[in-house]
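# Architecture at a glance
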Amino acid sequence: YAASETVWHRGSCRLCGVGCRVELGVKNGTPVALRGVPESRTNFGYVCMKGMHFWKVMNHADRLTTPLYRASKKDKFKPISWDEALDIAADKFATAVKEHGNDSVAYYGSGQALTEETYFFQKMFRGGLQTNNVEGNPRLCMASAVGGYLTSFGADEPIGGYADIEKADCIFIIGSNMAEAHPVVFRRVMRRKLDNPDVTVINADPRISLTSRIADIHLQFHPGTDLALLNAMAHVIVKEKLYDEAFLKDYVAIKKGKAVSIDFAEYEQFLEKYTPEYAAKIMGGKVTPDQIREVARRFATSKGTLSFWTMGLNQRKQGVWANNLVHNLHILTGQLLKEGADSLSLTGQPNACGGVREGGGLCHILPGHRLVAKEKLRNQVEEAWGIPKGRIPPKPGYHTMAMFTAVNEKKIKAMWVHCTSPVQSLPNCNLYNEGMAKDDCFMVCTDIFPTLTTELAANLILPTAFHFEKTGVYGCTERRSQITRKAIDPPKGAKPEVWIIREWGRKLAEKLNDPVIAQCIKPFEGLEEGYELPKAIWDEYSQKLTKGRDNDLRGASYEVLEQMYDGVQWPAPTEAFALTGGTVKKFVRGMDPMADSHGKDDKPYQFYGPAHPDQKLWLWQRPQADPEEIPDAEYPFYLSTGRIIDHWHTMSMTGRVKELLRANPYSYIEVNPADAKRMGIKPGDMVEITSRRGTNIMPAKVYEGPIEGMVFAYWHDQHPDRMINKVTKDAYDPGSKEPEFKICACRIKRV
Ligand code: MGD
Ligand code: SF4
């Protein structure tokens, strides 16, 4: 190529969980454009406006280019060399371990980190520093989905994928504004509906959103009442005998409580009270009993029913139960495993599935969907790493909210925050920011930009390479791993994380005089960091730690991933199979090699998931239950929060792109017109939103989106007056520990 020509480099987008295949245009060593890849079967060449503007983030003048250090959080940062920076980081973690024990250090990572980064970090913390204090922001988005899949299907992650959209006849979207949060996959849903007007689209949500535009039926209800809806749909399906008796007989066990077995008669008895009339009353009266009947019938009788959900179900105190109840409908009706039918959780981030759920990035899981608590599984990991048996501690570490509570309680003395900004993204953030701002916890942040977290809480900021400036793998919603190869150099002074971890690890081994830490980095010594190093990390993870696991990725070598337009869907145990694209439907004989090899009988479906020893799907008896906080006389409104199309999370990236910022410069509070009229609020009036935890002030958008009695704000805005996590509540699901960002009580007033 002539230097002046644009060269296109393949990779995946990093700005949401869809996983669009894209190409970055580079001219004279500088990114100049981003486009879709028409051959891709994921996004067919389409990208959304965030994706399209991605390259402008890379070039931004605010990129961090030198390590910055301050001994106290009250001081100003000073630039220091990489050698000094890594020495300080190693010294602080070593001192914390020596003086306060192994559990006084912690890692808090991200569903946007590359798999190689999450895997390497957790190896250093568990195998090197001997703590399971390994957590990440996927706790805030996907933990309830993980809990739901494990308890209902015995295995994490969806059975099918996006390819079911083009075959589905009924699409049930609950608790998801996928038009904004997963725009390109929503485009596929929209195309299906436009091409086939007979396809039913049902949207169940307390708020009318852009997603609702294509719905035939929109069910609008009070936040937190949808467990009643899902049970009422099951009630209709059972009463009208719309369930699949043969499927239930062959593949299903029924459970209640902590997995106590019950029979169908007891389940039927439990459903007895969930009549459509009963549910409609709980849901607030806008949904009619006949609508519930209609929705249940269409769900059960279509040729293929495909459900989508995301944070509206996950970010709830009953998040796991809500997931179970959607899976229940699919299990009852047999709307699973066939073309066009699936219970498909949309993932919250580009690599929450691949890196964190599969790579061992949460406090209770090790790589390859292994549980920390199981000795045999810990030993397998220790053996793969060549470290002594018993080196990984048996106790899971702190989950996210417990970890930041431990920071408040001064139990965590050194913490590494990678690729996330908890100062803005934690619920009830004022409470946790107090602890993070104190000098009791030494904090290292690896980021590409300054953030509210680096400003308030970091002692040491390490500037990193960005997407396309390093090589690594992401795994999206549908069990699909995709590689992005380094296309350009990072800004001078910024380094890929895998290099940072290795260099820090070497110093840490010296300071703690610990040969096992040195052993953890030994396989990666001497490798060039742009490609060889991440490849060696990927090889160790995929070859040694996914072998025989349900996410077997041995066939998905870098070489194979580089050949495949859309990456590979696991399980993919061999290269030959991975080169076909991998497993489109899990558990189906003839499609999934694990189902073939685990076959215990001659049935077409084989449920080999590690969490269900009986190899069955579990139908759960789960009652309607209230959220942690419901409106009362003092705080009479429900507050809900979510995403919009123009921005991503804390806006640290999209807020720096002027086109995206202009499209949506600041947050506003959506108020239903009936409430606005009653309270004298007009469009654009400034409104104060107060909960038991904090206050925001922002302009009103008067609009029939939220149901009467509910207000909604997007959470991306960093401005102190509009940072909605000062107001949200930090209650969490007792099973998944995922916080209830979606529901709390507040009052509003015009100011
Ligand atoms: P992000 O903006 O995604 O938000 O919240 P966060 O993870 O805190 O932070 C990513 C950071 O990584 C940015 O600072 C970015 O600059 C940096 N970064 C980007 N690329 C790289 C890289 O290659 N290397 C490094 N080292 N850094 C990089 C997300 C969290 O927020 C999540 S996952 C959810 S689902 C929650 N959603 C939610 C909600 O719905 N409502 C409310 N109210 N709050 C929420 N908070 C949660
Ligand atoms: Fe990127 Fe998501 Fe937009 Fe696709 S839909 S281009 S993955 S932000």
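This one's a predicted model, so the numbers in the text were calculated from it and none came from an experiment. (Residues numbered from 1 in each chain as written. Chains lettered and ligands numbered in written order. Predicted model: local features only at pLDDT ≥ 70, side-chain atom pairs only at ≥ 80, totals over all residues.)

### Looking at the domain arrangement of the protein chain
Under the domain assignment, the protein chain is made up of domain 1 (7-58), domain 2 (143-346) and domain 3 (637-750). Computed from C-alpha atoms alone, the centre-to-centre distance between domain 1 and domain 2 is 33 Å. Taken together, the nine residues of domain 1 in the interface contact eight residues of domain 2. Classifying every residue of the side of domain 1 that touches domain 2 gives six nonpolar, three polar and no charged. (Domains from an automatic or database assignment. Contact = placed C-beta atoms within 7 Å. Nonpolar A, V, L, I, M, F, W, Y, C, P; charged D, E, K, R; others polar.)

### Description of the site of ligand 2
Residues in contact with ligand 2 amount to 13 residues; listed here are only the nearest, C13, C16, C20, C48 and G51. For the shell around ligand 2, a count of residues per class yields nine nonpolar, three polar and one charged. (Near = placed C-beta within 6 Å.)

### Description of the site of ligand 1
For ligand 1, the set of nearby residues contains 37 residues, the closest of which are C141, T420, S425, H649 and T650. For the shell around ligand 1, the elements supplying multiple residues, two or more each, are α5 (138-141), α19 (422-425), β18 (442-447) and β24 (637-642). By residue number, the principal contributor to the shell around ligand 1 is α19, which donates three residues. Of the residues contributing to the shell around ligand 1, the split by class is 12 nonpolar, 23 polar and two charged. (Helix = DSSP H or I, 4+ residues; strand = E, 2+ residues; numbered from the N terminus.)

### Some words on the environment of R643
Topologically, R643 is positioned in the loop between β24 and α28 (658-663). Between the C-alpha atom of R643 and that of R678, which follows or precedes it by 35 residues, the distance is 27 Å. With sequence-adjacent residues up to four places away left out, R643 is seen in contact with E180, A181 and Y714.

### Looking at the pairing of strand β3 (residues 30-36)
Summarising the sheet, strand β2 (residues 21-27) and β3 pair through six bridges and their orientation is antiparallel. Residue pairing across strands places L24 opposite L34, the latter belonging to β3. Counting the residues in the hairpin turn of β2 and β3 gives two residues, including N28, whose phi is positive at 50°. (Pairing = 2+ DSSP bridges.)

### Some points on the pairing of strand β19 (residues 460-463)
Side chains L460 and L462 project from β19 onto one buried face, and the interleaved I461 and P463 project onto a second face that is buried too. Across two bridges, strand β4 (residues 68-69) lies against β19 in antiparallel orientation. If you follow Y69 over to β19, its bridge partner there is L460. Pairing of β18 with β19 involves four bridges; the strand directions are parallel. When the sheet's bridge partners are listed, T446 is paired in β19 with L462. (Buried ≥ 20, exposed ≤ 12 C-beta atoms within 10 Å, placed from the backbone.)

### A few points about the sheet that holds β2
Here we have three strands laid out as an open sheet, ordered β1-β2-β3, and antiparallel in their pairing. Edge positions in the sheet fall to β1 (7-12) and β3, since each has one partner strand and no second. Strand after strand, the sheet turns through a mean of 30° between neighbouring axes, direction not considered. Taken together, the six bridges between β1 and β2 define a ladder with antiparallel strand orientation. Following the sheet pairing, R10 is matched in β2 by E23. (Axes fitted to C-alpha atoms, helices over the stretch in contact; angles between N-to-C directions.)

### Structural notes on the nonpolar core
Core analysis: the biggest nonpolar cluster contains 234 residues, and F93, L229, M233, I292, M415, M443 and V711 have the highest contact counts within it. In terms of residue count, the dominant contributor to this core is helix α9 (residues 226-239) (nine residues). Other than its neighbours up to four places away in sequence, M415 contacts A106, Y108, V407, C441 and M443. (Core = buried A, V, L, I, M, F, W, Y, C linked by C-beta atoms within 7 Å.)

### What to know about the sheet that holds strand β22 (residues 568-569)
Strand order in the open sheet made by the three strands is β20-β21-β22, with antiparallel pairing throughout. Each of the sheet's edge strands pairs with one partner strand only, and the pair in question is β20 (472-476) and β22.

### Thoughts on the UniProt feature "binding site: substrate" (unreviewed entry) in the protein chain
Mapped onto this numbering, the UniProt entry annotates "binding site: substrate" (unreviewed entry) at W715. Relative to the assigned elements, W715 resides in the loop between β28 (710-714) and β29 (744-750). With 23 C-beta atoms packed within 10 Å, W715 lands in the buried category. If near-sequence neighbours (up to four positions away) are discounted, W715 is found in contact with T641, G642, I724 and N725. (UniProt positions renumbered as here; feature names shortened; annotations may be inferred.)

### So, the packing of helix α18 (residues 400-408) against helix α20 (residues 429-436)
The axes of two packed helices give the description: the angle between them and the distance between them. Here α18 crosses α20 at 50°, and the two axes come no closer than 7 Å. Between α18 and α20, the crossing angle belongs to the class labelled oblique. Read as a crossing pair, α18 and α20 show a hand that is left-handed. Counting all contacts with α18, which are made through F404, V407 and N408, the residues of α20 involved are Y432, E434, G435 and M436. Taken together, the residues of the contact of α18 with α20 break down into four nonpolar, two polar and one charged. (Parallel < 35°, antiparallel > 145°, perpendicular 65-115°, else oblique. Left-handed = near helix turned anticlockwise from the far one by under 90°.)

### Regarding the packing of helix α6 (residues 143-153) against helix α15 (residues 319-333)
Taken N-terminus to C-terminus, the directions of α6 and α15 make an angle of 45°; their axes are 8 Å apart at the nearest point. The angle between the axes of α6 and α15 places the two elements in the oblique class. For the element pair α6 and α15, the recorded crossing hand is right-handed. Seen from α6, the contacting residues are S144, A145, G147, G148, T151, S152 and F153; seen from α15, they are G319, V320, N323, N324 and H327.

### Describing unusual backbone geometry
For residues besides glycine, phi is generally negative; the peptide bonds are generally trans as well. Note the cis peptide between W570 and P571, where omega equals -5°. Here P571 is to be found in the loop between β22 and α26 (575-578). One non-glycine residue, F44, lies in positive phi territory at about 50°. Mapped onto the fold, F44 is located in the loop between β3 and α1 (49-52). You will see that K737, though not glycine, has its phi angle at about 65°, which is positive. Tracing the backbone shows K737 in the loop between β28 and β29.

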